[in-house]
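Summary of structural features
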Amino acid sequence: MTAIAHRVTFGGLLRSEWIKLFSLRTTWWLYAITIVLFVGVAALSALSSGSWASSYLNPENPAIAAAPGASAPSMPAALVAVQVNAELVRWAAPVLLFAALVVSVLGVIAMAGEFGTGMIKSTFAAAPRRTDALLSKLLVCFLASVATGAIGTLLATAVSAGIMSANGWAIDLADPYLWRALGGTIGYVGFAGAFGVLIGALIRVQAGAIPTAIGILLVLPTIVALLSSLLDWNWLTNTAPFLPSNLGNSFAGYPTAEAMQAADPDGSSYVGSGSASPWLNVDQLDDGTEQVTRLSVGDALAGLLLLAWLVIAWAFAQLVTKRNDA
Amino acid sequence: MIEATALTKRYGSKTAVDGISFTIRPGVVTGFLGPNGAGKSTTMRMIVGLHRPTSGAVTIDGRSYAQLRSPLTEVGILLDARAYHPGRSAREHLRALAATHGLGRKRVDEVIGLAGLESVARKRAGGFSLGMGQRLGIAAALLGDPHTLILDEPVNGLDPEGVIWVRNLARSLAAEGRTVFLSSHLMSEMAQTADHVIVLGRGRVIADAPIAEFTAQASGTAVRVRSPHAPALADSLRRGGMGVTEQPDGALLVTGTTAEAIGDFAAQHRVPLHELTPVKSSLEEAYLELTKDEVEYHSGAMPTDEPAATEGMPA
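Residues numbered from 1 in each chain as written. Chains lettered and ligands numbered in written order. Predicted model: local features only at pLDDT ≥ 70, side-chain atom pairs only at ≥ 80, totals over all residues. Heavy atoms only, no water.

Describing the overall build of chain B
Defined as follows: Numbered from the N terminus, helices here are DSSP runs of H or I no shorter than four residues, and strands are runs of E no shorter than two. For the exposure calls, accessible area comes from a 1.4 Å probe over protein chains only, and a residue counts as buried if that area is under 20% of its type's maximum, exposed if over 50%, partly exposed in between. Throughout, a residue-residue contact means that at least one pair of heavy atoms, one from each residue, lies within 4.5 Å. Residue-level accessible areas treat just the shown protein chains as cover; the underlying method is Shrake-Rupley with a 1.4 Å probe.
When helices and strands are counted, chain B shows eleven helices and 13 strands. Residues counted as buried form 53% of the 315 residues belonging to chain B. Considering only contacts in chain B between residues 6 or more positions apart, those separated by 24 or more positions represent 70%. For chain B, the accessible area works out to roughly 13700 Å², and carbon and sulfur atoms hold 52% of it.

So, in C-alpha cells, the structure goes:
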C-alpha cells in the first residue's frame, strides 16, 4: 500500500464540481446560448433605437421641433444623457427573463441530474458529509453563472454602445448608474444559477424541479398579479415586489429616476412621482396612504433580498440533503 | 474491518434489513450472498452512509463512514454499475472524483489502465455496455488505493476475462491485508473468490461461515447426522477436529470426514444416530436449499425437471 496523505478538502470539492460542470456538453451549450442571447437582443434593441437624429430625445429632431409647444425649454442636457443610457441598456429586462430561465435550468440539471443518473452515489461517497458537496456545487454554479452573465452583459453593452454610437448617440460610459445596473444584471444571472441548484437539491427529480424553478422565477409574479386583482387582496399585491423576478428587475434595471434626480438635483422630484420611472410605482390610495407596488430601482435592498431567498432555500436544501437517503 | 450491530432498515412498513450483525475481517475476501431483495444492496448502502439505518450501527475500522476524513483512500465503493453521468467521459468522471481528494491525473491514468479502459476513456460513458460501466465503477473504487473495498455485484455484465480480473483483483487486495467485501447472487462465483460467506435472506443473516464449509458440502464430503444427543455429539466431533454446523431442523452437518468414520465414532461413544447421510449436492443446490424459504420473489413454476446442477467453475 502506498503511503497516503490525501484527504477530502473543500478546495478539492470545488475543483471537482468545476470539472463536473464543464465536462458536460449541455453546460457549454446553455451558457453559449445565454451569451448569444445577450448579444443578439442588445443588437436588435440598439438597432431599433434608430439614429440620434430621429430620436424623440433629440431636441433638434424635426418631428419634435415641429410639434406644438416645441418652444418650451427642452430637457436639460444632463437629463438627456441619463435617458440615453437608459436606452443603451433597454435590452437588459427582456434578456434577463430568458437568461434567468436558461441558467436556472442548468443549475437544476447540475444538481437533480446527479440524483437521476446515479452520479450522486459517487459524489456522496467522496464527500460523506454531503452538505459540503452541496455548498461547493452551489458556489461553482453561482460563479459560472456570474461569469456567463458578465461576459454576456459586457459584450451586449459593447455591441449596443457600438451600434448606437455609430448612429450618432452620445453614450456616457462613465455613468455610475449604468455600471450599477450592469452589475445587478450579472448578479441576477448568478442568483438564478444558484437558485436552480437549490431547487434541484430540494426536489431531486428533474421533471419536478425544472417546472418548479421556472414557476417561481417566471410564472409566480403573473399568478400573484392575477390573484390579487381578482380577489382584491392588497396584502398579496404587496408581496409581489419581493418575488425573485421582481427583485431581479429592481436589482438589475437602470435606475432612471434616481439617475435623473442625481443629474438634476434642483429640478422637480423624479423619484416617487410615479411616472418618471417604469420601475417605481407609488400608488396614492384613497385614504391618503402610499403603497409601493415596486421597489425602487437598483436598490441595494433588492440584492440583499435576493440573497435572503438563497439563504432560506439553502437552509432547506441542506436539511433535505443531509436527512434523505441517496 | 467492517462491523455491523443490529443493523435495521425499514422503508415504510417493509423491513429490508432486519437487525443483522456481522464482522468482515481484513485479509480475506468476504462474499455477501442472497436472493434478489434479500437486503444486500441496502446493507452495503448503509455501510457507506448513503442510506441511514432505521436502527443499529455499522462502522468501518471503528468509525462511521460519515466520520472518515479521507473516504476514497479508506473505502472503495462500487454500489451501482451506473454511478456516473452518461454525458461525461470516463476520464472526466474519474478526474472529478480524484479532485475531491487531491489525487492527481497520474492516479486517474493508472486506474484507467488497471481497469482496461484506455481505449474508451475519452468517450462519453453513456455509450458504455454494462460491463464497461462495471469496469469504470471498479476503477473509481480503486482510485484512492483504499484499505477497504465494498463491491456490489462486481462481475455483473462482465465478460469472462473481466470476471477473472475481478476475482484475481479481489484475492490479491485481500492478500495485501485489505478488507474486501463483495456481493453476488451466484454461489458458484463466490466459491471461486471468497474465503468467507455471509448469506442473507429476507433481511436476516442465515449463514455466516467459511466458504470451505459450503464447498465441502457441495463436493459430497459433508455428512448429515441426526441424533437425539446432537449437541453432545457436535461437541465431541468438534474436539475430534471435524467441522460441524447445526442445521435449522436440528440435524448436524459434519465436514472433514466420512459417513463411516462418524458411524464408528458414534458407536464408540454410544451415541444413537437417527440419520447418517452423505450429502451430495452442488454448491448452487446447497445455497438454494439454504435460501429457499427466504426468497422474496419466487419465479412461477416452469415445466422442467432439470435441477440446476451447476458445479463451481474451475478456477
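Now, onward.
Observations concerning the domain arrangement of chain B
How we decide: By convention here, the domain bounds are inherited from an automatic or database domain assignment.
Partitioning chain B into structural domains gives domain 1 (2–216) and domain 2 (220–278). Using C-alpha coordinates to define each centre, domain 1 of chain B is positioned 37 Å away from domain 2 of chain B.

With respect to a positive patch on the surface
We count it as follows: Patch criteria: residues need more than 30% relative accessible area and no salt bridge. Like-charged residues are merged within 9 Å; nonpolar side chains of Val, Leu, Ile, Met, Phe, Trp and Tyr are merged within 5 Å. Only one rule defines a salt bridge in this text: a Lys or Arg side-chain nitrogen within 4 Å of an Asp or Glu carboxyl oxygen. For this count, His and the chain ends are skipped, Lys and Arg are scored as positive, and Asp and Glu as negative. Lysine's charge is taken at NZ, arginine's at CZ, aspartate's at CG and glutamate's at CD.
On the surface, Arg7, Arg129, Lys322 and Arg323 of chain A together with Arg52 and Arg69 of chain B cluster together to form a positively charged patch. Examined against the element boundaries, arginine 323 of chain A turns out to sit in helix H13 (residues 300–323).

Let's talk about the pairing of strand E6 (residues 148–151) of chain B
A regular strand places its side chains so that they alternate between the two faces of the sheet. Residues and elements named next belong to chain B. Stated formally: DSSP calls a pair of strands paired once it identifies at least 2 bridges connecting them. Whether a crossover is right-handed comes down to one check: with the strands pointing away from the viewer, does the path from the first strand over the helix to the second run clockwise; if it does, it is right-handed.
Of the two faces of E6, the one lined by Thr148 and Ile150 and the one lined by Leu149 and Leu151 are each fully buried. Two elements, strand E5 (residues 75–78) and E6, share four bridges in a ladder whose sense is parallel. Each residue of the ladder has a partner; that of glycine 76, found in E6, is leucine 149. For the crossover that starts at E6, traverses helix H6 (residues 160–175) and ends in the parallel strand E7 (residues 179–184), the hand is right-handed.

Some remarks on the side chain of threonine 73 of chain B
Basically, it comes down to this: In protein, a polar contact means a hydrogen-donor-capable atom and an acceptor-capable atom, both N or O and within 3.5 Å, with residues adjacent in sequence counting only if both atoms are side-chain atoms; elsewhere, any N or O pair within 3.5 Å suffices.
Along the polypeptide, threonine 73 of chain B turns up in helix H2 (residues 71–74). Separated by 2.5 Å, the side chains of threonine 73 of chain B and serine 70 of chain B make a polar contact.

Observations regarding the sheet that holds strand E8 (residues 196–201) of chain B
Residue and element names in this part refer to chain B. Selection rule: Axis lines are fitted through C-alpha atoms, for helices just across the contact stretch, and the angle between N-to-C directions can take any value from 0 to 180 degrees.
Pairing in this open sheet of six strands is mixed, and the strands run E5-E6-E7-E3-E8-E9 from one edge to the other. Each having just a single partner strand, E5 and strand E9 (204–210) make up the two edges of the open sheet. The average undirected angle you get between the axes of adjacent strands in this sheet is 15°. Bridge count between E8 and E9: six bridges; the pairing is antiparallel. By the bridge assignment for E9, valine 197 is matched with alanine 209. Packed on one face of the sheet, helix H1 (residues 40–47) meets strand E3 (29–33), E6, E7 and E8 and runs near 150° to E7.

Describing H13 of chain A
An α-helical segment advances 3.6 residues per turn. Residues three or four places apart therefore align on the same side. Residues and elements named next belong to chain A. In plain terms, the rule: Each helix should span, by expectation, one fewer than its residue count multiplied by 1.5 Å.
Taking 1.5 Å per residue as the helical rise, H13 with its 24 residues ought to reach 34 Å, and the 35 Å between its terminal C-alpha atoms agrees with that figure. Buried within H13 are the following residues: Ala302, Gly303, Leu306, Leu310, Ala313, Ala317, Val320 and Thr321. Its buried side turned inward, H13 meets helix H6 (119–126), helix H7 (131–166), helix H8 (176–203) and helix H11 (244–252).

Comments concerning the packing of helix H5 (residues 130–142) of chain B against H6 of chain B
All names here are of chain B. The line we're drawing: Any angle from 65 to 115 degrees is called roughly perpendicular, while one under 35 is roughly parallel, one over 145 is roughly antiparallel, and all others are oblique. Working rule for handedness: look at the near helix, and if it is turned counterclockwise from the far one by less than a right angle, call the crossing left-handed; if clockwise, right-handed. Here the nonpolar group is Ala, Val, Leu, Ile, Met, Phe, Trp, Tyr, Cys and Pro; Asp, Glu, Lys and Arg are the charged ones; every other residue, Gly included, is treated as polar.
Direction vectors running N to C along H5 and H6 enclose 15°, while the axes themselves pass 12 Å from each other. The orientation of H5 relative to H6 falls into the category roughly parallel. The chirality of how H5 crosses H6 is left-handed. Judged by residue contacts, Arg135, Ile138 and Leu142 of H5 engage Glu161, Gly162, Trp165, Val166, Leu169 and Leu173 from H6. Broken down by class, the residue content of the contact of H5 with H6 amounts to six nonpolar, one polar and two charged.

Considerations on the packing of aromatic side chains
All names here are of chain A. Note the cut-off: Only Phe, Tyr and Trp rings are paired, with Trp represented by its six-membered ring, and only when their centres lie within 6.5 Å; those with planes under 30 degrees apart are stacked, over 60 edge-to-face, the remainder tilted.
On inspection of all chains with the given rule, the structure shows twelve aromatic pairs over all chains. A ring pair is formed by phenylalanine 115 and phenylalanine 124, whose centres lie 6.3 Å apart and whose planes are at 75°; its orientation type is edge-to-face. Using a relative accessible area of 17% as the deciding quantity, one classes phenylalanine 115 as buried. Ring centres 5.6 Å apart and planes at 15° place the aromatic pair tyrosine 188 and phenylalanine 191 in the stacked group. A residue pair is termed a helical-turn pair when its members lie 3 or 4 positions apart in one helix, as tyrosine 188 and phenylalanine 191 do in helix H8 at three residues. Each residue in the set Trp18, Phe22, Trp28 and Tyr31 is aromatic and connected to the rest through ring pairs, giving one cluster.

Some points on the environment of methionine 46 of chain B
Residue and element names in this part refer to chain B. Inspection of the secondary structure puts methionine 46 in helix H1. Using a relative accessible area of 3% as the deciding quantity, one classes methionine 46 as buried. Separated by 19 residues in the primary sequence, methionine 46 and tyrosine 65 have C-alpha atoms spaced 9.1 Å apart. Once residues within four sequence positions are removed from consideration, methionine 46 is found in contact with Leu7, Thr8, Lys9, Val17, His51, Arg52, Pro53 and Val58.

Re the interface of chain A and chain B
How large an interface is tends to be reported as the accessible area lost when its parts come together. Rule in force here: By definition, the buried area sums, over both parts, the 1.4 Å-probe accessible area that each loses when the two are put together.
Chain A puts 31 residues into the contact, and the matching count from chain B is 40 residues. With both sides pooled, the region where chain A packs onto chain B buries about 3200 Å², and carbon together with sulfur makes up 57% of that total. Remark: the boundary between chain A and chain B carries two salt bridges. Put simply, lysine 121 of chain A and aspartate 80 of chain B hold a salt bridge, and the shortest N to O gap is 3.0 Å. On inspection of chain A and its partner chain B, the count reaches 18 residue pairs in polar contact (both at pLDDT 80 or more). Elements with a minimum of two residues in the side of chain A that touches chain B: helix H1 (10–22), H6 and H13 of chain A. Residue composition of the side of chain A that touches chain B, by class: twelve nonpolar, nine polar and ten charged.

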